[in-house]
Amino acid sequence: MAEPRPPYLPPPLVLGSLGLHAAALTAVALAPRLWPHLAAVLFADHVLLATASLTPRGRLLGPNLTRLPEGAARRGEVSHTFDDGPDPEVTPRVLDLLETAGARATFFCIGRRAEAWPDLAAEIARRGHRVENHTYHHPNTFAFFLPPGLQEEIGRTQDVLERVTGRRPRYFRPPAGFRNPFVDWVLHRSGLRLVSWTRRGFDALERDPGKISRRLLQGLAPGDVLLLHDGLALRDGGNPVVLEVLPRVLDALAARGLRSVPFEESGR
């Protein structure tokens, strides 16, 4: 039987914001003439919350895992992560490249795509990679969702991925890394941890494999978490750009004595 989760405690920024709103309502009730000043304070608070929501690697809205644990770094490990799959054309070729290099990775899968290609999602897990949660529809407006919508996107994907892989995800990555103050609470309820990255290639925006590779490799250190995309992939000419980038990165890791492992927050 799973151990019960501890009660949820909002992060300090969210607690402070709630307290500020409560204090402002009380102040307006007692001294209505102060409302312009209080509105300015609340506006500044909302700007801060919005900035935190649009900072993918930030921790103001709750815990955010951006690196492997120190034990993994000491062993010379990094973690490849892939978003937006599975894709019936690209994902099998990514899996073959990883297998040839003896590398293991983490795939943050879109629920509806895993539901459309369940055998492919299962194959990712069968080859020793992790399959984790990246929402069901990958909505670009995810950071504006209220808790019921967040729960639907996250919980539905949990059920799909458990059904097709036999394992319930432990980690979650929101679309583009953007989230709002409610996400931390929904993740707590779902038993998930938020994962972002140490460095990203921007291969969802950039078509030049050389530029993407340099972003990933310049300053690369043991323990880093790398982000690429096996779904909705841009193309370099006729080839999905990730298939041009991944061999370069894997070769560079081997030359530096580093190896890619699935993401895991706790050391072994």
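Now for a quick tour of the structure. (Residues numbered from 1 in each chain as written. Predicted model: local features only at pLDDT ≥ 70, side-chain atom pairs only at ≥ 80, totals over all residues. Heavy atoms only, no water.)

Next up on the list: the layout of surface pockets. Rolled over the atoms, a probe with the dimensions of a water molecule shows which regions are left empty. Computed from the structure, the largest pocket encloses a volume of approximately 540 Å³. Of all the elements in the fold, those that place two or more residues in the lining of the largest pocket are α1 (12-30) and α2 (35-53). Broken down by class, the residue content of the lining of the largest pocket amounts to 13 nonpolar, six polar and one charged. Empty space within the second largest pocket amounts to approximately 210 Å³. (1 Å grid on protein atoms, 1.4 Å probe; cavity = no way out; pocket = protein on both sides within 12 Å on 5 of 7 lines; lining within 4 Å. Points joined across faces, edges and corners; volume = space filled by probe spheres on them. Helix = DSSP H or I, 4+ residues; strand = E, 2+ residues; numbered from the N terminus. Nonpolar A, V, L, I, M, F, W, Y, C, P; charged D, E, K, R; others polar.)

To continue, consider the nonpolar core. In terms of nonpolar packing, the biggest core is built from 35 residues, with F82, V94, L98, F107 and L228 touching the most fellow members. For this core, the secondary-structure elements that each account for two or more residues are β1 (77-83), α4 (90-101), β2 (105-109), α6 (118-126), α7 (147-165), α9 (209-217), β7 (225-229) and α10 (241-255). Tallying contributions element by element places α10 first for this core, with nine residues. By size, the runner-up hydrophobic cluster in this structure holds 11 residues, among which are L68, Y171, V225 and L227. (Core = buried A, V, L, I, M, F, W, Y, C linked by side-chain atoms within 4.5 Å. Buried < 20%, exposed > 50% of the residue type's maximum accessible area, 1.4 Å probe, protein only.)

Before going further, it helps to examine the packing of aromatic side chains. If you walk through the whole model with that rule in mind, you get four aromatic pairs. Each ring, one from F142 and one from F145, has its centre 6.0 Å from the other, and the planes form 45°; the classification is tilted. On the basis of relative accessible area, F142 is assigned to the buried category, the value being 1%. When its relative accessible area of 22% is taken as the criterion, F145 is described as partly exposed. Taken together, the ring pairs in this structure connect F142, F145 and F172 into an aromatic cluster. Cation over ring: R156 sits above Y136, and NZ or CZ is 3.8 Å from the ring centre. (Phe/Tyr/Trp six-rings, centres within 6.5 Å; stacked < 30°, edge-to-face > 60°. Lys NZ or Arg CZ within 6 Å of the ring centre and 35° of its normal.)

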